[in-house]
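# Close look at the chain arrangement
The lines below spell out each chain.
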There are 4 protein chains.
Amino acid sequence: MSDTIKILGISGSLRKGSYNTALLHAAQELAPPDLQIEIGDISQIPLYNADVQAVGFPQAVEQLAGQIRAADGLLLVTPEYNYSVSGVLKNTIDWISRIKNQPFAGKPTAICGASMGPLGTARAQYHLRQIGIYLDIRFLNKPEVMVGTAHERFDAAGKLTHEPTRKFVGDLMVALRDAAQSAKG
Amino acid sequence: MSDTIKILGISGSLRKGSYNTALLHAAQELAPPDLQIEIGDISQIPLYNADVQAVGFPQAVEQLAGQIRAADGLLLVTPEYNYSVSGVLKNTIDWISRIKNQPFAGKPTAICGASMGPLGTARAQYHLRQIGIYLDIRFLNKPEVMVGTAHERFDAAGKLTHEPTRKFVGDLMVALRDAAQSAKG
Amino acid sequence: MSDTIKILGISGSLRKGSYNTALLHAAQELAPPDLQIEIGDISQIPLYNADVQAVGFPQAVEQLAGQIRAADGLLLVTPEYNYSVSGVLKNTIDWISRIKNQPFAGKPTAICGASMGPLGTARAQYHLRQIGIYLDIRFLNKPEVMVGTAHERFDAAGKLTHEPTRKFVGDLMVALRDAAQSAKG
Amino acid sequence: MSDTIKILGISGSLRKGSYNTALLHAAQELAPPDLQIEIGDISQIPLYNADVQAVGFPQAVEQLAGQIRAADGLLLVTPEYNYSVSGVLKNTIDWISRIKNQPFAGKPTAICGASMGPLGTARAQYHLRQIGIYLDIRFLNKPEVMVGTAHERFDAAGKLTHEPTRKFVGDLMVALRDAAQSAKG
């Protein structure tokens, strides 16, 4: 019997009705049975300031770092603001990267994102991939899930209703499970 | 007689002893007499959240937006964290970009940055350039000022002491003045 | 009476039936009356080799460089191959950049591109923008013209038939004319 | 007993005295005993043209594709021209990517590069990483080998003499061997 693979999912948007958070929930729904996605909370992480760090890491950072460390893999769901990842997500990464033995290293990681425009966060995703190099994040190359015209693909309750997109998200979760399983050895 | 050109400078680091903030001060010191650099404060800008925005823009965002609007040009000083701009700076840009008639549009803007590594924030600067496209920021192409091995170029009091770097920063300020003057017409 | 603005257009695809070359022809058709677009030929430019350069620049490079120098602005039409500009276009730029007083410097330049996928060469265009920084190309920030699903927007004869795209291309040509006129002083 | 790992190395510069080709030779010299680096020849690959492809792939492309397919991993050595990979290297990739069941897919791949400037091809390397995503190239995240001020690190005969750089190159080859071995299973 194969063990359950544990994934930590993070949405880079703090808006309650965020399409990206909705996409994260869709991933939970569409994941294969042996993939379990927990959601990390980044809303309490303050602006990064090395002077604050010198006094001690904020509780919310320590907690998220622990969750990342405990996970077999990550799912980073990024909105695209101004042709890049949200400052909120980047700020979270900046904090976590300062933790001793930073927990991103070697972690199999899938990316996806949703936007109302046609490009579906493509620009943000490629920036995110560069951000992960030094951190040694192991991003899946494929599939790339870029959900454009999000307002037509989610219903008013935030449910992903667009069938081809549901298929892509499910495929991404299978690929993430396989990568995490393989890394686990 | 030529009017004074007013520049708003923003440092993407909140650390008190930041090399990037020190670089911003160096730019103030090395600017030509007809270029005046005011420093914008981003330390009070909260994490971007569209739900918060719906209630009203934070005071710190409104104030910075007003300062940007009033300026003839901008100087963005970015640290490089994890191969991109700091989340703190990106978060600031994300807020300002949501202001009605966002004030970055058409603004002549210089970039510089300092890091302890050899690349001097190169990776962050190219990300910043992409971030500015939709916002219609008018970045100077040259000179590119990337201050590597910063700990050897500033003294303990945060003064930029490395002569070639002082020359580059001065040249950048002259180029920014010329671009801002030309945009002013 | 205003003078005619002369633009040199370059397509980064050598295929006869190329959508990108077709897009360049559409730009010629849709340009305002005072904007004239000549097309540069890159098909005879060999692979860049500094040993060849040491003997002398190839005739095709010299000729294109002369056309760039004589133009008031440029229109670079780039296909997207493997998430970046075509090697063929990049190779052309590599040669031209070695010419003494390289002619790209300060040149107002518009970008567009066509692809069969949904992103319309977005990834290639952002790479091209970075390629142009050191060369001091003055890219327009807007409008960004990314023609996705090209096979549905051009007819069998290579005519751009999709009205909204025709409008975008026309707008880009107006913006290019204005930038070139302004640079001409 | 472990089998020898076979790597195909490609230099993106055609110049005989190229620092990048010299770096590739250094990698051959500094590789661990069970890593063997063959060098691929890209000098005979013509400019990419889909009309030519329709008639048949050039011999030089077929040959290189076969060498890539036969290798356990790749070493891509890229010069930086105009803040990106050389057009010559990109053109090679464009051709190979069109081969049926393109051979880059899943291939463990190391990147390095040399330049006379201080950044050591950093900008080119990040572009190359984006170029490889769709091709499903499996780039090592670390170590990143960026050889700046190359003219001070190689001697007149093209031998890499700078000890710290020799160490980095050796480390990269060990990491590549490990990744290729692990992928081989």
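First, a word on what this report is: a plain description of the structure on this page. Predicted, not measured: the structure shown is a model, and the values here were computed from it.

Next up on the list: the packing of aromatic side chains. In total, this model carries 24 aromatic pairs over all chains according to the counting rule given. When the centroid spacing of 5.7 Å and the interplanar angle of 65° are considered together, the rings of Tyr83(B) and Tyr126(D) count as edge-to-face. Separated into two different chains, Tyr83(B) in the loop between β4 (80-81) and β5 (84-85) and Tyr126(D) in helix α5 (residues 122-135) make up a pair that spans both. Tyr126(D) shares its class with Tyr83(B); the two are buried. Both rings, one in Tyr48(D) and one in Trp95(D), keep their centres 4.8 Å apart while their planes meet at 75°; by these two values the pair is edge-to-face. Here Tyr48(D), found in the loop between β2 (35-39) and α2 (50-55), pairs with Trp95(D), found in helix α4 (residues 87-97); they are 47 residues apart in sequence, far enough to count as distant. Like Tyr48(D), the residue Trp95(D) is buried in the burial classification.

Attention now moves to helix α6 (residues 163-184) of chain C. Think of an α-helix as 3.6 residues a turn; residues three or four steps apart then line up on the same face. Residue and element names in this part refer to chain C. For α6, which comprises 22 residues, the first-to-last C-alpha distance of 31 Å matches the rise-based estimate of 32 Å (1.5 Å per residue) to within 8%. Among the residues of α6, Thr165, Arg166, Val169, Gly170, Leu172, Met173, Leu176, Arg177 and Ala180 are the ones counted as buried. Looking down the long axis of α6, one finds its buried residues gathered within 155° of arc, a one-sided arrangement. Structural note: α6 exposes Glu163, Lys167 and Ser182 on the side pointing more than 90 degrees away from its buried face. Elements that come into contact with the buried residues of α6 comprise β1 (5-11), α1 (19-30), β2 (35-39), β3 (73-77), β6 (108-114) and β8 (145-147). Looking one or two residues beyond α6, the residue adopting positive phi is Gly185, at roughly 80°.

Below, the discussion takes up the relation of the copies chain B and chain A. Superposition of chain B onto chain A requires a rotation of 180° combined with a translation of 0.0 Å along the rotation axis, giving an RMSD of 0.0 Å. Read as a symmetry element, the transformation amounts to a two-fold axis. Of every C-alpha in chain B, the one belonging to Gly87(B) sits nearest the axis of rotation, 2.3 Å from it. Most of the interface of chain B is mirrored in chain A, where 100% of its interface residues again form contacts.

The rules behind the values
- Counting from 1, residues in each chain are numbered in the order their sequence is written.
- The naming scheme follows written order: chains are lettered A onward, ligands numbered 1 onward.
- The model is predicted, so local features are restricted to residues of pLDDT at least 70 and side-chain atom pairs to those at 80 or more, both for listing and for counting; the totals for chains, interfaces and linings are taken over all residues.
- Neither water nor hydrogens contribute to the side-chain values; these are computed over all heavy atoms in the structure.
- Aromatic pairs are defined between Phe, Tyr and Trp rings, using the six-membered ring for Trp, whenever the two ring centres lie within 6.5 Å; interplanar angles under 30 degrees are classed as stacked, those over 60 as edge-to-face, and all others as tilted.
- The helix and strand labels rest on DSSP assignments: H or I over at least four residues marks a helix, E over at least two residues marks a strand, and numbering proceeds from the N terminus.
- Partly exposed describes any residue whose relative accessible area lies between the buried limit of under 20% and the exposed limit of over 50%, with all areas from a 1.4 Å probe on protein chains only and scaled to the type maximum.
- Each residue after the first adds 1.5 Å to the expected span of a helix.
- Read the arc as the range of directions from the helix axis to the C-beta atoms.
- Note on contacts: a residue pair qualifies if any of its non-hydrogen atoms lie within 4.5 Å across the two residues.
- Only residues with pLDDT of at least 70 in both copies contribute their C-alpha atoms to the least-squares superposition of the copies.

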